[in-house]
Amino acid sequence: MFPRPLTPLAAPNGAEPLDRALRRAQLGRARAGLGGPPLLLPSMLMFAVIVASSGLLLMIERGILAEMKPPPLHPLGREGTAWRGTVPKLGELPLNAGDSDFQVRQDVRNRTLRAVCGQPGMPRDPWDLPVGQRRTLLRHILVSDRYRFLYCYVPKVACSNWKRVLKVLAGVLDSVDVRLKMDHRSDLVFLADLRPEEIRYRLQHYFKFLFVRDPLERLLSAYRNKFGEIREYQLRYGAEIVRRYRAGAGPSPAGDDVTFPEFLRYLVDEDPERMNEHWMPVYHLCQPCAVHYDFVGSYERLEADANQVLEWVQAPPHVRFPTRQAWYRPASPESLHYHLCSAPRAVLQDVLPKYILDFSLFAYPLPNVTREACHQ
């Protein structure tokens, strides 16, 4: 049973209400002369009202959530015959009885997806999308014909490990523990590689899933990795960000010392549909209204959710999701809190609307960056 509806657009812990933040972001874009093609979405304000009136936002705020040939159109399954395994459907997936937090999160996601995607004008399949949006989507969905599943990969949500798993399932790698530099294109099949009738068949008959992560934690992870370690990103994006947002930067900055607030200012001025995939909103990457995913896994319980998916698709018992390396240090809640509190609040208020669908559809709480919270 859901709690009674909130007053529309209530904001957690004294933060600025969502409607005001949305208007602020839209006004900022208008002043900057930024625009873009109309999205196939209801207005952000309408979306916030939908979520608030259903009571889902209250649950979130109160912390209840702590080059290969295209395969055949009708591919053969295991043992050379068409695989007829039962694909679990959204809301019918077997869960551990004691995992109440997980069940609440999945229920919130399922209900919110149904409420939002059922609105008039929302896409029902990829061919309802504008060409550019459809191209992005199909380029991010990986195909396993042998195990009859589709996986929409989201950068900075363990997608390299999932690609490693797909290569093991395809027989290209012997083990997920093989330590090779990941080639993100070779020996992988994407929906974009297939003909329309092949795409439709797989969307209708295959198990479909994606994994998501707290939107701001994902941004921080991308910031640390790309601007702290990858020279190509420092030159391509970092230098431009410094030139654009740092006074007295000079004509040729190195781009290796971008600050997190500068990165956020850059995101404010970017069209979400044209962002680099490492910081493009998950909604635009995977289009969860146009594709009816059977399961949405969480980075927060990555290993358990990933191995559950492998069980559902009947992967061989020896194929498991790679364990996290001992040296890897993901962005922590404490680190995220520090970086958010170091950013101007006005910039955060302009960034959040870009990712509001990711927060709300996937049941992640909005950050608390009030003065009181930041001085604790």
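The coordinates are above.
Worth saying up front: this structure is predicted, and the values here are computed from it rather than measured.

Caption draft 1: The overall build of the chain, seen in detail. Looking only at helices and strands, the chain features 16 helices and five strands. When each of the 376 residues of the chain is scored for burial, the buried share is 53%. When the accessible area of the chain is evaluated, it comes to approximately 18000 Å², of which 52% is carbon and sulfur surface.

Caption draft 2: The environment of Asp-257, seen in detail. Within the element layout of this structure, Asp-257 appears in the loop between α9 (231-245) and α10 (260-268). Residue Asp-257 is classed as partly exposed on the basis of its relative accessible area, which comes to 40%. Spatially, the C-alpha atom of Asp-257 lies 7.4 Å from that of Phe-227, the residues being 30 residues apart in sequence. With sequence-adjacent residues up to four places away left out, Asp-257 is seen in contact with Val-242, Arg-246 and Glu-262.

Caption draft 3: How the structure looks around the state of the cysteines. The final tally for this structure, using the stated rule, is three disulfides. One disulfide in the model links Cys-117 with Cys-289; its S-S distance is 2.0 Å. Here Cys-117 and Cys-289 share a disulfide; its torsion about the S-S bond, -75°, makes the bridge left-handed. A residue pair is termed long-range when its members are at least 10 positions apart, and Cys-117 in helix α4 (residues 100-117) and Cys-289 in the loop between α11 (282-286) and β5 (295-298) qualify at 172 residues. Overall, the relative accessible area of 1% leaves Cys-289 in the buried class. Through a disulfide, Cys-341 is tied to Cys-374; the S-S separation comes to 2.0 Å.

Caption draft 4: Structural context of the packing of aromatic side chains. Counted under the stated rule, the structure contains 24 aromatic pairs. A ring pair is formed by Tyr-223 and Phe-227, whose centres lie 6.1 Å apart and whose planes are at 50°; its orientation type is tilted. Separated by four residues within a single helix, Tyr-223 and Phe-227 lie in helix α8 (residues 215-229), roughly one turn from each other. The pair formed by Tyr-223 and Phe-227 is uniform in burial state, with each residue classed as buried. One aromatic cluster is present, built from ring pairs that chain together Phe-149, Tyr-151, Trp-162, Phe-207, Phe-209, Phe-211, Phe-295, Trp-312 and Phe-321. Lying over the aromatic face of Tyr-153, Lys-163 brings its terminal NZ or CZ to 3.9 Å of the ring centre. Its end group placed over the ring of Tyr-299, Arg-213 keeps NZ or CZ at 3.9 Å from the ring centre.

Caption draft 5: Region of the structure containing the pattern of salt bridges. Counting across every chain of the model gives 13 salt bridges. Of the charged contacts, one joins Arg-202 and Asp-145 as a salt bridge, the two residues approaching to 3.0 Å between their closest N and O atoms. You can see Arg-202 sitting in helix α7 (residues 196-205) and its partner Asp-145 sitting in the loop between β1 (141-144) and β2 (149-152), a full 57 residues away along the chain. For the pair Arg-202 and Asp-145, one class covers both residues: buried. Close ionic contact of Glu-262 with Arg-246 constitutes a salt bridge, the shortest N to O distance being 2.8 Å. Separated by 16 residues along the polypeptide, Glu-262 in helix α10 and Arg-246 in the loop between α9 and α10 bring together distant segments of the chain. If you follow the salt bridges from partner to partner, you end up with Arg-195, Glu-197 and Glu-198 in one network.

Caption draft 6: Geometry of α4. Given a rise of 1.5 Å per residue, 18 residues ought to cover 26 Å, and the 25 Å separating the end C-alpha atoms of α4 matches this to within 8%. All of the buried residues in α4 are Phe-102, Arg-105, Gln-106, Val-108, Arg-109, Asn-110, Thr-112, Leu-113, Val-116 and Cys-117.

Caption draft 7: Focus on the sheet that holds β2. Read across the sheet, five strands follow the order β3-β1-β2-β4-β5 without closing on themselves; strand pairing throughout is mixed. Looking at strand neighbours, the two that pair on one side only are β3 (189-190) and β5, the edges of this open sheet. Packed on one face of the sheet, helix α6 (residues 159-169) meets β1, β2 and β4 (207-212) and runs near 155° to β2.

Caption draft 8: How the structure looks around the packing of α9 against α10. Contact geometry for α9 and α10: axes closest at 10 Å, N-to-C directions at 90°. In terms of orientation, α9 and α10 fall into the roughly perpendicular class. Together, Tyr-237, Ile-241, Val-242, Arg-244 and Tyr-245 of α9 and Glu-262, Phe-263, Arg-265 and Tyr-266 of α10 make up the contact between the two elements.

Caption draft 9: Quick look at the side chain of Asp-271. Tracing the backbone through its elements, the reader meets Asp-271 in the loop between α10 and α11. Among the polar contacts listed, one links the side chain of Asp-271 to the side chain of Arg-274, at a separation of 2.7 Å.

Cut-offs and rules
Residues numbered from 1 in each chain as written. Predicted model: local features only at pLDDT ≥ 70, side-chain atom pairs only at ≥ 80, totals over all residues. Heavy atoms only, no water. Helix = DSSP H or I, 4+ residues; strand = E, 2+ residues; numbered from the N terminus. Buried < 20%, exposed > 50% of the residue type's maximum accessible area, 1.4 Å probe, protein only. Areas by Shrake-Rupley, 256 points an atom, 1.4 Å probe, with all protein chains shown as cover. Contact = heavy atoms within 4.5 Å. Disulfide = S-S within 2.5 Å. Phe/Tyr/Trp six-rings, centres within 6.5 Å; stacked < 30°, edge-to-face > 60°. Lys NZ or Arg CZ within 6 Å of the ring centre and 35° of its normal. Salt bridge = Lys/Arg side-chain N within 4 Å of Asp/Glu carboxyl O. Expected span 1.5 Å × (residues − 1). Pairing = 2+ DSSP bridges. Axes fitted to C-alpha atoms, helices over the stretch in contact; angles between N-to-C directions. Parallel < 35°, antiparallel > 145°, perpendicular 65-115°, else oblique. Polar contact = N/O pair within 3.5 Å; in protein donor to acceptor, adjacent residues only side chain to side chain.

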